[in-house]
Amino acid sequence: MRAKTISYYFILFCLLVVNIRAQNLSEQLNYADSLFNSENYFDAITEYKRLLFFDRSEQYKYHADFNIGLSYKSGGKYDEAIKYFGLSELSAKIDSQKINSRLQIIRVNILRRTTNNAFAMLDELQNDFPEQVDSNTVTYWRGWAYIMVDDWENASLMFDKIDSEHPLKKLADEVEDNKYSVTFATLISYILPGSGQIYTGNYLSGFLSLGWNVLWGYLTIHAFITDRVLEGILIGGLLWARFYRGNFKNAEKFAIEKNIEISNKAYRYLKNNYKGIKP
Amino acid sequence: MDKPILQQWNSRYLILILLFAVSQISAQRVSYDLFSPHNRKIFGDRLFCEKDYLRAIDEYNAVLNHMPNDILQYKIGLSYFFMGRYFDAERNYKKLFKSPFLSEEAKLEYYRSVFYFGDYSGFREKINTKENFPLAYSNELSRLKAYSYLMDDSTLPPESEMLSKFDDTDKKSIIEFYSWKQDPPYKSPMKAAIMSAIIPGLGKVYAGEIGDGITAFLFTGLFTYLAVDKFQRDQTTSAWLFTALAAFFYGGNVYGSAAAVQNYNASLLNSTSIVKLSYT
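For clarity, every value in this text was computed on a predicted model and none was experimentally measured.

Rules behind the numbers
- Residues numbered from 1 in each chain as written.
- Chains lettered and ligands numbered in written order.
- Predicted model: local features only at pLDDT ≥ 70, side-chain atom pairs only at ≥ 80, totals over all residues.
- Heavy atoms only, no water.
- Core = buried A, V, L, I, M, F, W, Y, C linked by side-chain atoms within 4.5 Å.
- Buried < 20%, exposed > 50% of the residue type's maximum accessible area, 1.4 Å probe, protein only.
- Helix = DSSP H or I, 4+ residues; strand = E, 2+ residues; numbered from the N terminus.
- Contact = heavy atoms within 4.5 Å.
- Salt bridge = Lys/Arg side-chain N within 4 Å of Asp/Glu carboxyl O.
- Polar contact = N/O pair within 3.5 Å; in protein donor to acceptor, adjacent residues only side chain to side chain.
- Patch = residues over 30% accessible without salt bridge, like charges linked within 9 Å, V, L, I, M, F, W, Y side chains within 5 Å.
- Areas by Shrake-Rupley, 256 points an atom, 1.4 Å probe, with all protein chains shown as cover.

Enquirer: Give me the lowdown on the nonpolar core, citing residues and values where you can.
Expert: If you look at soluble globular proteins, the nonpolar side chains tend to sit buried side by side. Residue and element names in this part refer to chain A. Counting residues in each nonpolar core, the largest one holds 101 residues, and the members touching the most others are Trp 144, Trp 152 and Leu 270. Considering each element in turn, this core owes the most residues, 8 residues, to helix H7 (residues 135-148). If we skip the residues at most four places from it in the chain, Leu 270 touches Trp 144, Ile 147, Trp 152, Leu 168, Leu 171 and Lys 278.

The following block contains the structure:
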């Protein structure tokens, strides 16, 4: 009877051994999660790494790797983020975890503008999980990839596939409508010097350019008419040609600068005001 | 009679096993503490191997709060060094100058940190005064001292004295640096400007921009010729226009020549620095 009691206590203590180790890791996970939730990402990464180091059975590996990836992503360390999302995908046990990891890798690729990788991975995701991954999700992230490379036309097409009234489609259309045509600005400058700059709103530069071209053009033609050929060649070749070239180069430059301003305004809106899911 | 004795022995045996199990559990309970000094040390070593130096430093410092450990102090110094925080590395190595095992190594790394910090004259002064000098590594420090002369603008020692510190494999590169340092092939911006003032474009040719030099010469010459020609024909308006253009190109040519030489010297300095850095 006494031996039986001692045996029971012995088994109880053995069970305690297992539980103590598991409890420590569980406490460590809770601690790391609390740091992550309070946006203390540097310390969160340290504590998740500590958890990974001591978690011999790798029961928390997916969760820790995934959250390390999120922490690095929040800190703008995209290469490290991709590395840990990749590790989390390898240790994922179910399809939803794999899909989550891949989507995060895609989103980080969008953020760092390696959009070729993002597009390739979106195709791969759709092929590998055709039933689990919603096509709208893939289209949504394709749209974002186009936004990040300043291709608002294709971005609009993507969001249109999801919903013709999608707020990002409207934004893309607005940006595309507001942008200046660089080709048009250059072309009209060839025909009428200064007009390209006036088209982009740079009136002073446009009129000055027109003035210089008229002046040198008049002097060149006048020189030829009065048989001062050398002078005509010099003025035409060195001065008129320089100002004519400068005119359409300026028109091109101003159009590009204006377009950058328009895009940046849209990016600021997306960063500060857009409430939907962002990369 | 035997059965009760047997039962007694079974009970005692079980109690002993139980006591043994409890002692093991207690020991394991300590090692399950992830923040124990031992566990922090091994985790820190892992971070160090992964080159996560900032986190490794935190772990090692936490261990050092419990007990002194010269190796960990040394590794903290190494971590700061690898992160490029040479001043912090120096501060850590100083703590090991009296270490019974790592004193010489710490002194060597201390001097290396001073060198990499960029204070070359301070570095040489410390070596000359033999301040905390690691005798076991005097050859390494002699070479580093010789090399420091190539890194700043101080007066070079005699070539033979410089080269004596290096073995044959390194001598060729050192001679090359030494010659360059002694007589750098820099050009004078003032000279370029004066040359262009006398003959437009000549300063540009001196700076190595031959095409630009010829262009400057032609432009300035042609506009000057046209200006003179217009004045001779009493075409005052055109004459002044071409005079202004000639003056503009002449001034641009003088300024451009000086700027071209400055760019040339800067590119020379840049390529020298890159070579020096790759050598160290």
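Enquirer: Any details on the pattern of salt bridges? Residues and values, ideally.
Expert: Evaluated as defined, the whole model comprises 28 salt bridges over all chains. In this structure, Asp 79 of chain A engages Arg 112 of chain A in a salt bridge whose closest nitrogen and oxygen atoms are separated by 2.5 Å. In this pair, Asp 79 of chain A sits in helix H4 (residues 78-90) while Arg 112 of chain A sits in the loop between helix H5 (95-111) and helix H6 (115-128), placing the two residues 33 residues apart along the sequence. You can call Asp 79 of chain A exposed: its relative accessible area is 54%. The residue Asp 88 of chain B makes a salt bridge to Arg 85 of chain B at a minimum N-O spacing of 2.9 Å. Arg 85 of chain B sits in the partly exposed class, given a relative accessible area of 36%.

Enquirer: Provide a residue-level description of the side chain of Lys 75 of chain B, including the pertinent values.
Expert: Residues and elements named next belong to chain B. Mapped onto the elements of the fold, Lys 75 is located in helix H4 (residues 70-82). Under the relative-accessibility criterion, Lys 75 is labelled buried at 18%. One polar contact links Lys 75 to Tyr 60, side chain to side chain, over a distance of 3.3 Å. Excluding residues within four positions of it along the chain, Lys 75 makes contact with Asp 45, Phe 48 and Tyr 60.

Enquirer: Pulling in residues and values, what's your account of a nonpolar patch on the surface?
Expert: Residues and elements named next belong to chain B. Together, Met 190, Ile 194, Ile 198, Ile 199, Leu 202, Val 205, Ile 210, Ile 214, Phe 217 and Leu 218 give the surface a local cluster of nonpolar side chains, amounting to about 940 Å² of exposed area. Residue assignment for the nonpolar patch shows that the elements contributing at least two residues are helix H11 (189-198), helix H12 (202-206) and helix H13 (210-232). Per element, the largest residue contribution to the nonpolar patch is 4 residues, and it comes from H13. Its place among the elements puts Phe 217 in helix H13.

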